[in-house]
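The primary structure of each chain is shown beneath.
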Amino acid sequence: MEIILENKYITIPELASLIKKSEPTIHRHLDHLSELNMIRRVGSRKTGYWEALK
């Protein structure tokens, strides 16, 4: 969550490389954060960004 707050334009591959986890793991964690209404994706996958809700 801290990384997303620092850089809302970060991509899933960049996140995976930063925290040394696989992309499917990152997807799973982001999905969970979305379900908890902590983050949401604004815009497209290519040009969008993450928005922190809490």
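Our structure is the block above this text.
Thresholds, definitions, all that
Residues numbered from 1 in each chain as written. Predicted model: local features only at pLDDT ≥ 70, side-chain atom pairs only at ≥ 80, totals over all residues. Heavy atoms only, no water. Buried < 20%, exposed > 50% of the residue type's maximum accessible area, 1.4 Å probe, protein only. Helix = DSSP H or I, 4+ residues; strand = E, 2+ residues; numbered from the N terminus. Arc of directions from axis to C-beta. Contact = heavy atoms within 4.5 Å.

**What about helix 2 (residues 12–19)?**
So, point 1. Inspection of helix 2 places Ile-12, Leu-15 and Ala-16 among the buried residues, and these make up the whole buried set. Along the axis of helix 2, the buried residues cluster in a sector spanning 100 degrees; they form a single face. Facing away from the buried side of helix 2 by more than 90 degrees, the exposed set consists of Ser-17 and Leu-18.
So, point 2. On its buried side, helix 2 packs onto helix 1 (2–6) and helix 3 (23–35).
So, point 3. The first or second residue beyond helix 2 is Lys-20, which carries a positive phi of 55 degrees.

**Some words on unusual backbone geometry**
So, point 1. Here the phi dihedral of Lys-20 falls at roughly 55 degrees; this positive angle occurs in a residue that is not glycine.
So, point 2. Along the chain, the position of Lys-20 falls in the loop between helix 2 and helix 3.
So, point 3. Residue class for Lys-20 comes out exposed when judged on its relative accessible area of 70%.
So, point 4. At Asn-37, a position not held by glycine, the phi torsion is positive, near 55 degrees.
So, point 5. By the element assignment, Asn-37 lies in the loop between helix 3 and strand 1 (39–42).

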